[in-house]
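Now for the letters of each chain:
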Amino acid sequence: MSAPTLFKALGDPLRYTMVERLSAESPMTVGRVTEGLDLTRQGARRQLQVLVDAGLVILEPKGREVYARLEPEALSAMHRMVEELTRRWDQRLDALKRHLEAK
Amino acid sequence: MNTVPDRIERSVVIAAPIERIFKAISDPAEFGTWFSDGVEGDFEVGSQPVIDEGKYGRFRLAIIANEPPTYFAYRWVSGTAFVPAGFTDNPLEHPNTLVEFRLTAVEGGTEVRVVETGFASLPESYAAQNHEDNTGGWEYQLAALAKYVIG
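Residues numbered from 1 in each chain as written. Chains lettered and ligands numbered in written order. Predicted model: local features only at pLDDT ≥ 70, side-chain atom pairs only at ≥ 80, totals over all residues.

Overview of the environment of P91 of chain B
Residue and element names in this part refer to chain B. What counts, and what does not: Only DSSP runs of H or I reaching four residues or more are called helices, and only runs of E reaching two or more are called strands; each is numbered from the N terminus. Three classes are used. A residue is buried when 20 or more other C-beta atoms lie within 10 Å of its own, exposed when 12 or fewer do, and partly exposed in between, with C-beta atoms placed from the backbone. Once C-beta atoms are placed from the backbone, any two residues with those atoms within 7 Å are in contact.
Along the chain, P91 turns up in the loop between strand 7 (86-87) and strand 8 (97-106). For P91, a count of 21 C-beta atoms within 10 Å translates into the label buried. The sequence separation of P91 and R60 amounts to 31 residues, and the corresponding C-alpha distance is 6.8 Å. Beyond its immediate sequence surroundings of up to four residues, P91 is in contact with R60, A62, R75, W76, V77 and N96.

Looking at the sheet that holds strand 8 of chain B
Residue and element names in this part refer to chain B. Rules: Two strands are said to pair when DSSP picks up at least two bridges between them. Helix axes use the C-alpha atoms of the stretch in contact, all axes being lines fitted to C-alpha atoms, and the angles between their N-to-C directions lie in the range 0 to 180 degrees.
Taken in spatial order, the five strands of this open sheet run 1-9-8-6-5, and their pairing is antiparallel. Taken across any chain shown, the strands that pair with only one partner, and hence form the sheet edges, are strand 1 (7-14) and strand 5 (62-67). Adjacent strand axes in the sheet meet at a mean angle of 10 degrees, parallel and antiparallel pairs treated alike. Of the strand pairs in this sheet, strand 5 and strand 6 (residues 71-76) are connected by five bridges, and their pairing is antiparallel. Its bridge partner being in strand 6, E67 is matched across the sheet by Y71.

Brief notes about helix 4 (residues 41-53) of chain A
Residue and element names in this part refer to chain A. The criterion, for reference: Expected span of a helix: the number of residues minus one, times 1.5 Å. Throughout, the arc means that of the directions going from the helix axis to the C-beta atoms.
When the terminal C-alpha atoms of helix 4 are compared, their 18 Å separation across 13 residues agrees well with the 18 Å that a helix rising 1.5 Å per residue should span. Listed in full, the buried residues belonging to helix 4 are Q47, L48 and L51. The buried residues of helix 4 all sit within an arc of 100 degrees when viewed along its axis, so they share a single face. Exposed residues on helix 4 whose side chains face more than 90 degrees from its buried face are Q42, R46, Q49 and D53.

What about the nonpolar core?
So the rule is basically this: Nonpolar cores are built from buried Ala, Val, Leu, Ile, Met, Phe, Trp, Tyr and Cys residues. These are joined into a set through C-beta atoms within 7 Å.
If you look at the biggest cluster of nonpolar residues, it comprises 25 residues, and the most contacted ones within it are I21, L61 and V112 of chain B. Secondary structure elements with two or more residues in this core: helix 5 (72-101) of chain A together with helix 1 (18-26), strand 5, strand 6, strand 8 and strand 9 (109-117) of chain B. Setting aside its immediate chain neighbours within four residues, L61 of chain B contacts Q48, P49, I51, Y74 and W76 of chain B. Counting residues in each nonpolar core, the second largest holds 22 residues, with V30, V33, V57 and M78 of chain A among its members.

Some points on helix 1 of chain B
Residues of helix 1 of chain B that are buried: I21, F22, I25 and S26 of chain B. Buried residues along helix 1 of chain B cover an arc of 120 degrees about the axis, so they all sit on one side.

Focus on the pairing of strand 3 (residues 65-70) of chain A
All names here are of chain A. As paired elements, strand 1 (residues 28-29) and strand 3 share two bridges and run antiparallel to each other. From the neighbouring strand, M28 faces strand 3, where its bridge partner is A68. In the sheet, strand 2 (residues 57-62) pairs with strand 3 via six bridges, with the strands oriented antiparallel. Looking at the pairing, E60 lines up with Y67 of strand 3. Hairpin geometry of strand 2 and strand 3 is characterised by an intervening segment of two residues between the two adjacent antiparallel strands and by a positive phi of about 65 degrees at G63.

Encoded structure:
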């Protein structure tokens, strides 16, 4: 499981929609996660499986339903990555400020 | 913390006139001193200059807007875990992020606001380009990224 794998898994509008739904409410039945998407039932499961393989989503059978749950560690790893990039922007803006205020 | 991160927004107030700051951002020669170690090409809309970020690699920008003195924007495939050695292909032919500089005159100088968006839609293609699968998991990847970012 790596940050590139995660972002790769999200690099598809349908999968991104599924993750957005799950970030609003988790766990959620697989049926609701994939509801209304332009996919066959099998296609939906295949896309969901990409998210499972990337470690973003965990599937849990409960009774007759299968629930999908977001893996919080995956999200926090992505947040950490974006935080590092944020720090890089702070460094750049600081360099701009020093460049302009030096003289 | 519960949503997919897609956006970075940072700002700074600099004690200089807006036109002066806009020039520092939109003039390749000047950009090549504070942001990068040089720029090849120009910053006209539609141009694709290459900036040299030294140890981080070389990156091709696609200039989207250059509207003095308030707005400058480009797209690129930037320094993430995806492209550890830089990225000089045409960014518009790949999933990319949009970087926007917005300048506003404020008391005491000019506010420079940077927004970078599009992380959540990155990318099928770079993961494939990313060197061998890393087997150390999160921490390995993040340590490499932290090293890359912080230097």
